[in-house]
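# Architecture and fold: a report
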Amino acid sequence: MKKRILEMLRETSQPLSGQEISRRLEVSRVAVWKHISQLKQSGLAIESTARGYRLLTIPDTPFPWLFGPRSALIHYHPELDSTMNRAMDLARAGCPPYTVVVADRQLQGRGRMQRQWQSEEGGLYFSMVLRPTLLPRVCPVINLAVALDLVATLARCCGIAARVKWPNDVLVDGRKIAGILSQMEVEADQVAFINVGIGLNLNNRPEIADKPAVSALQLTGRRSNRAEILADFLDRFEARMAAFSRADVLQQWRERTITLGRRVAITTLRDSCEGLAVDIDDEGGLILEMADGARRTVFYGDCFHT
């Protein structure tokens, strides 16, 4: 009901009377008033005048009721320790695929290799629960697909031209605007679920000394609507997964990456190696040409362009 009221208010710049809203929704004016009051309490700027109600600003907070048929799958929190932690609990409890946990702020947001991910207000921080019918060895390709759809969403919603960097970063002019982290649980060689966590710098101002970062606000000077960006990304990603093509993902990634053709250093908690990044394999591993001409495929680790 709240979503339908919001849609009506967004369709006109003129005040819309409570009587007209109640007529369209076939509910009482008292019910309309209660829903409007709850929308205001949620932080929406709605003006009440003698002529009716008028929406002053489009809501940015990703409230579940903004997502229509998907609303039951959206778990919104003003603050969490980590969206990945909450998504893990939901996944193990049997939640449906495409369940999303989103928070305004994380206290213990993390990236690869247990690094902290800055999660101050203004960014978009969310985790998805996926249950793909893919072999476990193929699932790293999902990270590549997520990065590609983030690039497309940033282009459409913000006018930002981003590129992808192996294994799962999204950059603009060498500065990180989004990071991706995934965790998988396997049962008897079958994927039980994959949780994909995404941190997207939108209306915040990230400051990471060793890895330059940037936000959409810093790039464009305009605030982005987090709810609209999340909805756009979910639409793209669910459509991609419904007709999943590993070959398409790999080819699109090759076309949009800044990693291939560069000399890179790959570091893990145990070792490191350097070489020329020449391609990715069918499972998303990065193929390096070493100094002696031999080739080596790496599947995880931090990648530094040298």
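In this convention, every chain numbers its residues from 1, walking through the sequence in written order. Side-chain atom pairs in this predicted model are given and counted only at pLDDT of 80 or more, local residue features only at pLDDT of at least 70, and totals for whole chains, interfaces and linings cover all residues. Note: side-chain values were computed over all heavy atoms of the structure, leaving out hydrogens and water.

## What to know about the confidence of the model for the protein chain
How we decide: What pLDDT conveys is the predictor's confidence in a given residue, as a value from 0 to 100. Segments assigned H or I by DSSP are reported as helices when at least four residues long, segments assigned E as strands when at least two residues long, and all are numbered from the N terminus.
Here the protein chain averages 92 in pLDDT, and 95% of its residues register 70 or above. At the level of individual helices and strands, the protein chain shows its lowest average pLDDT in helix α1 (residues 2-10), which scores 85, and its highest in strand β6 (residues 163-165), which scores 98.

## Some thoughts on the nonpolar core
Formally: Only buried residues count toward a nonpolar core, which is a set of Ala, Val, Leu, Ile, Met, Phe, Trp, Tyr and Cys residues joined through side-chain atoms within 4.5 Å. With a 1.4 Å probe rolled over the protein chains alone, any residue whose accessible area is under 20% of its type maximum counts as buried; one over 50% counts as exposed, and the rest are partly exposed. Should any heavy atoms of two residues lie within 4.5 Å, those residues are considered in contact.
Counting 76 residues, the largest nonpolar core has M128 and V146 as the members making the most contacts within it. What M128 contacts, discounting residues up to four positions off in sequence, is T99, V100, V146, I194, N195, V196, I198, F233, L234 and F237. Counting residues in hydrophobic clusters, the runner-up holds 11 residues, among them L90, C95, V101 and A103.

## Let's talk about the environment of E11
Looking at the element boundaries, E11 is found in the loop between α1 and α2 (18-25). Between the C-alpha atom of E11 and that of L55, which follows or precedes it by 44 residues, the distance is 9.6 Å.

## Topic: the sheet that holds strand β7 (residues 169-172)
To keep things clear, this is the line we draw: Only strands that DSSP links by at least two bridges are regarded as paired with each other. All axes here are fitted lines through C-alpha atoms, helices being fitted over the stretch that makes contact, and every angle between N-to-C directions spans 0 to 180 degrees.
Spatial ordering of the open sheet is given by β3-β4-β5-β9-β8-β7-β6, a layout of 7 strands whose pairing is mixed. Edge positions in the sheet fall to β3 (74-80) and β6, since each of these pairs with one other strand and no more. Averaged over neighbouring strand pairs, the angle between their axes works out to 20° when direction is ignored. Two strands pair when backbone bridges link them, and strand β8 (residues 175-187) and strand β9 (residues 190-200) are joined in this way by 10 bridges, in the antiparallel orientation.

## Concerning the pattern of salt bridges
This is how it is decided: Here a salt bridge means any side-chain nitrogen of Lys or Arg lying within 4 Å of a carboxyl oxygen belonging to Asp or Glu.
In total, this model carries 20 salt bridges according to the counting rule given. Here D104 ties to R226 by a salt bridge, and the two come within 2.9 Å at their closest N and O atoms. In this pair, D104 sits in strand β4 (residues 99-106) while R226 sits in helix α7 (residues 226-242), placing the two residues 122 residues apart along the sequence. Judged by relative accessible area, D104 falls into the buried class, the value being 12%. Classification of R226 as buried rests on a relative accessible area of 5%.

## A word on unusual backbone geometry
Going from W166 to P167, the amide bond is cis rather than trans, its omega being 5°. With respect to the secondary-structure elements, P167 resides in the loop between β6 and β7. With phi around 60°, E26 is a residue other than glycine that occupies positive phi space. Its place among the elements puts E26 in the loop between α2 and α3 (29-41). The phi dihedral of D173 is positive, around 50°, even though this residue is not glycine. One can find D173 in the loop between β7 and β8. Here D173 falls in the exposed class, since its relative accessible area comes to 71%.

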